[in-house]
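Listed below, chain by chain, are the residues.
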Amino acid sequence: TKDIQEDENGEYQIINLADVQDGELALDRLKRYTISNNAKVSAYEVQENDIIITARGELTKICCIPDIGKKVLLSQNFYGMRLKNNYYSPKIIKMYLESPVGQYMLAKKKSGTAIPLLSVNDLKTILLPDIEDKKQREAIFYMEMKMKELEERRKQLAWEEKEMKLDAWRRMGIDGFFKIIEEK
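Residues numbered from 1 in each chain as written. Predicted model: local features only at pLDDT ≥ 70, side-chain atom pairs only at ≥ 80, totals over all residues. Heavy atoms only, no water.

Let's talk about the pattern of salt bridges
Using the criterion set out here, one finds eleven salt bridges in the structure. Between aspartate 50 and arginine 82 there is a salt bridge whose closest N-O contact spans 2.7 Å. With aspartate 50 in the loop between strand 5 (31-35) and strand 6 (51-54) and arginine 82 in the loop between strand 9 (78-81) and helix 1 (90-98), the pair connects residues that are 32 residues apart, well separated along the chain. You can call arginine 82 partly exposed: its relative accessible area is 45%. Among the salt bridges present, the one from arginine 171 reaches aspartate 167, with a minimum N-O distance of 2.9 Å. Remark: aspartate 167 and arginine 171 occur in helix 4 (residues 133-172); sequence separation between them is four residues, near one turn of the helix. With relative accessibility at 31%, the residue aspartate 167 sits in the partly exposed group. Because the salt bridges share partners, they merge into one network encompassing Asp167, Arg170 and Arg171. (Salt bridge = Lys/Arg side-chain N within 4 Å of Asp/Glu carboxyl O. Helix = DSSP H or I, 4+ residues; strand = E, 2+ residues; numbered from the N terminus. Buried < 20%, exposed > 50% of the residue type's maximum accessible area, 1.4 Å probe, protein only.)

What follows is the structure in structure tokens.
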């Protein structure tokens, strides 16, 4: 709205759909805004370990908020969940909601034909499995370890792809027409 304007010096950053990629919040992509009306921004401010989930659409994005140390708000595209106790880890809730069982539960709750909508009340009624603390920690450790391994493999494959292309261009005889500038 006219009361919420993008401003590189704005006090608030707002999480939009594009800012959540592969279950992670891209903090470097968050845009700053100035909010000039008397909106109750505290109701939309996220904290570390909050879980956010898309409110509408076929694609469900879920993310655990990392330690951000800034004033970051949810856009109208997300619901935020803050756990009342420490029984569940936010990461376990995220992992569960991303699982086939969790996706089924979410899809079953969505309503609407043009744009599926998940209501807050529907979200509150999703049943969670009883997972003991030790199993939660094991699952999180396993997932984080495997994700780090996959990220290293992705980097290695990206490097191999770049080298393969450079070699192919050399074989074509066109490598003298350009210079590769490395990102830092």
